[in-house]
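For reference, the chains in residue letters:
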Amino acid sequence: MIGRLNHVAMAVRDIAAAADVYRKVLGAQVSAPVAQPAHGVTTVFITLPNTKIELIEPLGAGSPIEKFLARNPDGGIHHVCYEVDDILAARERLVALGARVLGDATPKMGAHGKPVLFLHPKDFLGTLVELEQA
Ligand code: CO
């Protein structure tokens, strides 16, 4: 069912400093920061030849990544994002198999303007999984 690895997301406290690590130290192609108020984060995308890295920094009060950063003060891998051909069909299959979809299970517009869903880490080996419509 899942297709390409769309991105690996890393939560960070200081997105400018984090972007500099990828730009200056690792020599990667790094986007400008974009505020995503609907998701409570600011994002930077790093384009690699075979996938992307998404840096996410808390935006505003009650950001969904605050708890993660409280547990991981140096930042860390927050989620992986897999592409699916049909996000609603994927949701039906996962729910039928007993997997928990976070929130109200309605796909939301993600950072790339495509519908996304998040799956409970306890059902996926301790890792938060994002599904994105390909
Ligand atoms: Co993501």
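Residues numbered from 1 in each chain as written. Predicted model: local features only at pLDDT ≥ 70, side-chain atom pairs only at ≥ 80, totals over all residues. Heavy atoms only, no water.

A.B. asks: How do you make sense of the coordination of the cobalt ion when you look at a structure like this?
C.D. replies: Octahedral metals with six donors have ideal donor angles of 90 or 180 degrees. Tetrahedral metals with four donors have an ideal donor angle of 109.5 degrees. Summarising the metal site, the cobalt ion is bound by the protein donors His-7 (NE2), Glu-54 (OE), His-79 (NE2) and Glu-130 (OE), whose distances to it range over 2.1 to 2.4 Å. Classification of the site at the cobalt ion as irregular follows from its four donor atoms and the range of 87 to 174° in their angles at the metal. Spacing between the donor residues of the cobalt ion along the chain follows H-x46-E-x24-H-x50-E. Of this pair, Glu-54 sits in strand E5 (residues 52-58) while His-79 sits in strand E6 (residues 76-84), and the two are 25 residues apart along the sequence. As far as the burial class goes, Glu-54 and His-79 line up, both buried. (Donors = N, O, S within 2.8 Å, 3.2 Å for Na, K, Ca; no water. Tetrahedral: all angles 85-135°; square planar, octahedral: opposite > 155°, others 65-115°. Helix = DSSP H or I, 4+ residues; strand = E, 2+ residues; numbered from the N terminus. Buried < 20%, exposed > 50% of the residue type's maximum accessible area, 1.4 Å probe, protein only.)

A.B. asks: Explain the layout of surface pockets here, please?
C.D. replies: The gaps left among the atoms become clear once a water-sized probe is rolled over them. Taken as a whole, the largest pocket spans an internal volume of roughly 860 Å³. Pro-64, His-78, Leu-102, Phe-118 and Leu-128 are, among the 33 residues lining the largest pocket, the residues nearest its centre. Contributions of two or more residues to the lining of the largest pocket are made by strand E4 (41-47), E5, helix H2 (66-71), E6, strand E8 (115-119) and strand E9 (128-133). In the lining of the largest pocket, the residues fall into 15 nonpolar, 12 polar and six charged. (1 Å grid on protein atoms, 1.4 Å probe; cavity = no way out; pocket = protein on both sides within 12 Å on 5 of 7 lines; lining within 4 Å. Points joined across faces, edges and corners; volume = space filled by probe spheres on them. Nonpolar A, V, L, I, M, F, W, Y, C, P; charged D, E, K, R; others polar.)

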